[in-house]
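Remarks on the overall topology
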Amino acid sequence: MPEYRAIITGASSGIGLATARRIHADGGTVALLATRAAMLDGIASELGDRAFAVPTDVSDPSQVSASIERCFELLGDVDLVVNSAGVDGPSALLDITDEKWARSIGVNLSGPFYVSRESARRLKGGSCIINIGSELSFMGMGLYVDYCASKAGLIGLTQALAAELAERQIRVNAICPGPVDTPMMEAEIAWFPNPDEVRQMAVDRVPLKRWATPDEIADAVVYMAGAKFATGAAWSLDGGTTAC
């Protein structure tokens, strides 16, 4: 496997953490970005050599600018940028505050834009950016207005970046998972008064009748990073939910 030099956001948990571990296990070097500094330090220490903690709130453009500069100092050239940071949480439309809306758009859409923009200043031809979308990039769902809007926007961002950066031979793609067994998903389920029932409903609506694991999405990231003729693509990895 290629030994990627990768910047990974949302690297303290879930898909981002699984991706960092997979790339590092393959011999790669990883810069870990997330807001939880102590947790990031622990993960970097656990991984050992070739892992660097760079605490960052991706919704803050000034933090992103400084952090991406630091990542390139640590890694040298970068082959892969993975925008995995995300926030979620159900809310009825009339309960979505301006602050919650701004946070969803800030982390899920503006964050990938800021990280991609600052990375693109320095990326060389042959590198790639992978954005982690969602099945809700392609479909609406009640109680998730802010999340759906942010993830749908991420597909437009992915395609526009791919179109603009193609002449520099920088590829930009998205992977759009269905439900994934992560702490964020568990916190989401816990919001409901009947979490066991909701969890089973979330499994039953997937044609494959299970959730994905974070490692399965990490495997897809590595595969997509090596797909040299793919750019502007949005890969649904949702157990068939949006197709069946």
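Structural notes, computed from the coordinates. By convention here, each chain's residues receive numbers from 1 onward along its written sequence. Note on the predicted model: pLDDT of at least 70 is required for a residue's local features to be given, and 80 or more for side-chain atom pairs to be given and counted; whole-chain, interface and lining totals, by contrast, use all residues. As a rule here, side-chain values cover all heavy atoms of the structure and leave hydrogens and water aside.

It is worth spelling out the overall build of the protein at this point. Each helix is a run of DSSP H or I of at least 4 residues and each strand a run of E of at least 2, with the numbering of both proceeding from the N terminus. Along the protein, the regular secondary structure elements total 8 helices and 7 strands. A compact globule built from 244 residues should have a C-alpha radius of gyration of about 18 Å, and the protein, at 17 Å, falls within 12% of that. Across its three principal axes, the protein shows a C-alpha extent of roughly 50 × 40 × 35 Å. Working definition: with a 1.4 Å probe on protein chains only, accessible area under 20% of the residue-type maximum means buried, over 50% means exposed, and in between means partly exposed. By residue count, 50% of the 244 residues in the protein fall in the buried class. Here the contacts in the protein between residues at least 6 apart in sequence split such that 69% fall between residues at least 24 apart. All accessible-area figures derive from a Shrake-Rupley calculation using a 1.4 Å probe, and residue coverage is judged against the displayed protein chains alone. As presented, the protein carries roughly 10,800 Å² of accessible surface, and 56% of it is formed by carbon and sulfur atoms. When the 20 basic and 30 acidic side-chain charges of the protein are each reduced to a single mean position, those positions are 6 Å apart. In this treatment the radius of gyration is a C-alpha quantity, and the globule benchmark scales as 2.2 Å times the residue count to the 0.38 power. Two residues qualify as a contact provided that any one of their heavy atoms is within 4.5 Å of a heavy atom in the partner residue. In this count, Lys and Arg are taken as positive residues and Asp and Glu as negative ones, while His and the chain termini are left out. Charged side chains are reduced to one point each, which is NZ for Lys, CZ for Arg, CG for Asp and CD for Glu.

With 12 residues, helix H1 (residues 14-25) extends 17 Å between its outermost C-alpha atoms, agreeing within 8% with the 16 Å of an ideal straight helix rising 1.5 Å per residue. Taken residue by residue, H1 has Gly14, Ile15, Gly16, Leu17, Ala18, Thr19, Ala20, Ile23 and His24 as its buried positions. One or two positions beyond H1, positive phi appears at Gly27, with a value near 100°. In this analysis, the expected span of each helix is defined as 1.5 Å times one less than the number of residues it contains.

Each patch is built from residues that are more than 30% exposed by relative accessible area and take part in no salt bridge. Like charges join if they lie within 9 Å; nonpolar side chains (Val, Leu, Ile, Met, Phe, Trp, Tyr) join within 5 Å. Each salt bridge in this description consists of a side-chain nitrogen of Lys or Arg and a carboxyl oxygen of Asp or Glu lying within 4 Å of one another. A cluster of nonpolar side chains, Leu93, Leu94, Trp101 and Val145, forms an exposed patch at the surface whose accessible area comes to about 440 Å². Within the element layout of this structure, Leu94 appears in the loop between strand E4 (80-83) and helix H4 (98-120).

Turning next to the side chain of Asn131. The residue Asn131 is located in strand E5 (residues 128-132) in this model. Not counting residues within four places of it along the chain, the set of residues in contact with Asn131 comprises Asn83, Pro112, Ser116, Leu154, Thr158, Val172, Asn173, Ala174 and Ile175.

A few words on the nonpolar core. Residues Ile8, Ile23, Val30, Leu32, Leu80, Ile130 and Ile175 are the most contacted members of the largest nonpolar core, which totals 31 residues. Mapped onto this core, the elements with two or more residues apiece are strand E1 (5-9), H1, strand E2 (29-33), helix H2 (37-47), E4, E5 and helix H8 (214-225). In terms of residues, this core owes the most to one element, H8, which gives 6 residues. The residues contacting Ile175, other than those within four sequence positions of it, are Ile130, Asn131, Ile132, Gly133, Ser134, Ile217, Ala220, Val221, Met224, Trp235 and Leu237. The term nonpolar core refers to a set of buried residues drawn from Ala, Val, Leu, Ile, Met, Phe, Trp, Tyr and Cys, joined through side-chain atoms within 4.5 Å. Counting residues in each nonpolar core, the second largest holds 26 residues, with Ala31, Val64, Ile68 and Leu123 among its members.

This part covers the sheet that holds strand E7 (residues 234-237). Here 7 strands make up an open sheet; going across it, the order is E3-E2-E1-E4-E5-E6-E7 and the pairing parallel. At either margin of the open sheet sits one strand with a lone partner, and together these are strand E3 (51-53) and E7. The mean inter-strand angle of the sheet, taken between neighbouring strand axes irrespective of direction, is 15°. Pairing between strands requires that DSSP locate at least two bridges from one strand to the other. In this structure, E4 lies alongside E5, joined through 4 bridges in parallel fashion. Note on E5: the bridge partner recorded for Val82 is Ile130. Where helices are involved, their axes are fitted lines through C-alpha atoms of the stretch in contact, as for all axes, and angles between N-to-C directions lie from 0 to 180°. Along the sheet face, helix H3 (residues 61-75) touches E1, E2 and E3 and points at about 160° away from the line of E2.

With respect to the helices and strands, Thr19 occurs in helix H1. The spatial distance from the C-alpha of Thr19 to the C-alpha of Glu188 is 22 Å, given a sequence separation of 169 residues. For Thr19, the residues in contact, after removing those within four places along its chain, are Ile8, Val82, Ala218 and Val221. Any pair of N or O atoms that falls within 3.5 Å is considered a polar contact. Within protein, one atom must be able to donate a hydrogen and the other to accept it, and sequence-neighbouring residues count only if both atoms are side-chain atoms. A polar contact of 2.8 Å, which involves the side chain of Thr19, links it to the backbone oxygen of Ile15.

Before going further, it helps to spend a moment on unusual backbone geometry. Phi at Leu143 is positive, roughly 80°, even though this residue is not glycine. Its location among the elements puts Leu143 in the loop between E5 and helix H5 (145-165). Even without a glycine there, the phi angle at Lys209 is positive, about 60°. Structurally, Lys209 can be placed in the loop between helix H7 (195-204) and H8.

End to end, H3 covers 21 Å across 15 residues, agreeing with the expected 21 Å (1.5 Å per residue, within 8%). Burial in H3 covers these residues: Val64, Ser67, Ile68, Cys71, Phe72 and Leu75. Buried residues in H3, looked at end-on, bunch into an arc of 140°, giving them a common side. Exposed residues lying more than 90 degrees from the buried face of H3 are Ser62 and Glu73. Of the surrounding elements, those touching the buried residues of H3 are E1, E2, E3 and H4. Working note: the arc is built from the helix axis to C-beta atom directions.

Structural measurements only, silent on function.
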